[in-house]
Amino acid sequence: MAKTNPGRFFEDYTVGETIRHAVPRTVSGGERALYHALYPARHALYSSDEFARACGLRAAPLDDIAAFHVVFGKTVPDISLNALANLGYAEGRWRRPVYPGDTISATSEVIGLKQNSNGKSGVVWVRTKGHNQRAETVLDYVRWVMVRKRVPGGDAPAPVIPELAGALSADQLVVPEGLDFTGYDFGLAGEAHRWGDYAIGETIDHVDGVTIEEAEHMMATRLWQNTAKVHFDTDARPEGRRLIYGGHVISMARSLSFNGLANAQMVVGLNGGAHANPCHAGDTVRAWSEVLDRAETSAPGVGALRLRLVATRGGAPFALKGEDGRYLPDVLLDLDYWALIPI
């Protein structure tokens, strides 16, 4: 009897099934320190317990994107071990902060399947939930992945394509309990810009760039226990190069956005996202943002910005798609998210 697991293929999924992912993980200050070592992450709320307490939280949480990575990594052996590409995200909500000492586990429900026309692969849609040790949901999101078929040209299930919201409305966002920005210290945060200083349609060039190193990517992917073959095994990609984990690019771009959005402290909603082109070691990642919407919240002093975050490996800022509607070749990431910022 075989003891090893080759991972799931497209034929192994059934709409409606729930997958309980293995290996829960207790996070500590180590994850935060490593996250700040791997990326130029400087948002004050995640760097200082005292700053976080002054904003009404009990301590500095784990960065929201780091919490996403922990949950995402749990799902890889069951969802994307045999993936060709991670295609997109929708309906993501951070429901409560993750603090050092929390133990995070994950489950996913298969909500859609569609075989590709070539008969060699198919798209799998899942809704994933991350839970803490109290069985509270800390975040949930939908993603869809292109997965190899075990038997190319073999039978496939009838297609089921889920209907997904184009974006979360502001009233669907969850503001962490106790968050209060009325006494927010802009000097310690690093910039003076507040909610009212940003206009819908405004674009921001984040100026800085970071060259992705092979070793840092490998360390980050192992940190999140992401076992996808395309990130480890050069034989898993036709060009013979490891594909940089898309979440690594998300974290890099989010960290770079500090220059211009230092006060966009907490990520609370993920409206959509596309990994537009592959990223490899040696690429220099730059980022720009566009303000898509603004909203007030019921929390004292807390507003919300809907932002488009674009990561590129060169090219002019604010260039996204060509005349044919396709992403330009230098665009790596197009992410649509909501963040909380002091009013």
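Rules used throughout
- Residues numbered from 1 in each chain as written.
- Predicted model: local features only at pLDDT ≥ 70, side-chain atom pairs only at ≥ 80, totals over all residues.
- Heavy atoms only, no water.
- Helix = DSSP H or I, 4+ residues; strand = E, 2+ residues; numbered from the N terminus.
- Rg over C-alpha atoms; globule rule 2.2 N^0.38 Å.
- Buried < 20%, exposed > 50% of the residue type's maximum accessible area, 1.4 Å probe, protein only.
- Contact = heavy atoms within 4.5 Å.
- Areas by Shrake-Rupley, 256 points an atom, 1.4 Å probe, with all protein chains shown as cover.
- Lys, Arg positive; Asp, Glu negative; His and termini not counted.
- Charge placed at Lys NZ, Arg CZ, Asp CG, Glu CD.
- Pairing = 2+ DSSP bridges.
- Core = buried A, V, L, I, M, F, W, Y, C linked by side-chain atoms within 4.5 Å.
- Arc of directions from axis to C-beta.
- Polar contact = N/O pair within 3.5 Å; in protein donor to acceptor, adjacent residues only side chain to side chain.

Novice: Please clarify how the overall build of the protein chain should be interpreted in this entry.
Specialist: Counting its secondary structure elements, the protein chain contains eight helices and 11 strands. Taken over C-alpha atoms, the radius of gyration comes to 20 Å for the protein chain, in line with the 20 Å a tight globule of 343 residues would show. For the protein chain, the spread of C-alpha atoms along the three principal axes comes to 60 × 50 × 40 Å. For the protein chain, the proportion of its 343 residues judged to be buried stands at 52%. Sequence separation of 24 or more characterises 78% of the internal contacts of the protein chain that already satisfy a separation of 6 or more. Put simply, the protein chain shows about 14300 Å² of open surface, and 50% of that area lies on carbon and sulfur atoms. In the protein chain, the 35 positive side-chain charges and the 40 negative ones have mean positions that sit 6 Å from each other.

Novice: Would you explain unusual backbone geometry in this entry?
Specialist: Negative phi is the rule for most residues except glycine; trans is the rule for most peptide bonds. The residue V23 is not glycine, and still its phi comes out positive at about 65 degrees. With a phi angle near 75 degrees, F318 is a residue other than glycine that sits in the positive phi range. Mapped onto the fold, F318 is located in the loop between β10 (302–312) and β11 (331–342).

Novice: Can you help me understand the pairing of β10 in this one?
Specialist: Residues in a regular strand project their side chains so that they alternate between the two faces of the sheet. For β10, a buried count of 10 out of 11 residues is recorded, marking the element as mostly surrounded by other parts of the structure. Relative to β10, strand β9 (residues 284–296) runs antiparallel, the two being bridged by 10 bridges. Directly across from S289, in β10, lies its bridge partner L309. Counted between consecutive antiparallel strands, the loop separating β9 from β10 contains five residues, among which G301 sits at a positive phi close to 75 degrees. Of the strand pairs in this sheet, β10 and β11 are connected by 11 bridges, and their pairing is antiparallel.

Novice: I would appreciate a short explanation of the nonpolar core in the present structure.
Specialist: Here is a general trend for soluble globular proteins: nonpolar side chains tend to be buried in one another's company. Judged by nonpolar contacts, the single largest core of 58 residues is most densely connected at W224, L261, L305, L307 and Y337. Among the elements that take part in this core, helix α4 (residues 64–79) stands out by supplying eight residues, more than any other. Residues L45, F51, L173 and A299 belong to the second largest nonpolar core, which totals 25 residues.

Novice: What is the right way to look at helix α1 (residues 29–38) in this model?
Specialist: One turn of an α-helix holds 3.6 residues; hence residues three or four places apart share an orientation. Those residues of α1 not exposed but buried are E31, R32, Y35 and L38. Buried positions in α1, seen along its axis, are confined to an arc of 135 degrees and lie on one side of it. Close packing links the buried residues of α1 with β2 (25–26), α2 (44–47), α3 (49–54), α4, α6 (214–223) and α7 (246–256). For α1, the capping residue at the N-terminal end is S28, with a side-chain oxygen 3.0 Å from the backbone nitrogen of G30.

Novice: Where do I start with the environment of A319 in this structure?
Specialist: Examined against the element boundaries, A319 turns out to sit in the loop between β10 and β11. Look at A319 and you get partly exposed, because its relative accessible area is 29%. Remark: the alpha-carbon pair of A319 and G166, spanning 153 residues in sequence, is separated by 22 Å.

Novice: What exactly am I supposed to notice about the pairing of strand β8 (residues 266–275) here?
Specialist: Among the 10 residues that make up β8, nine are buried, leaving the element largely enclosed by the rest of the structure. Alignment of strand β3 (residues 83–94) against β8, held across four bridges, turns out to be antiparallel. Counterpart to Y89 in the pairing with β8 is G273. Pairing between β8 and β11: eight bridges, direction antiparallel. Bridging from a neighbouring strand, G269 pairs with W338 of β11.

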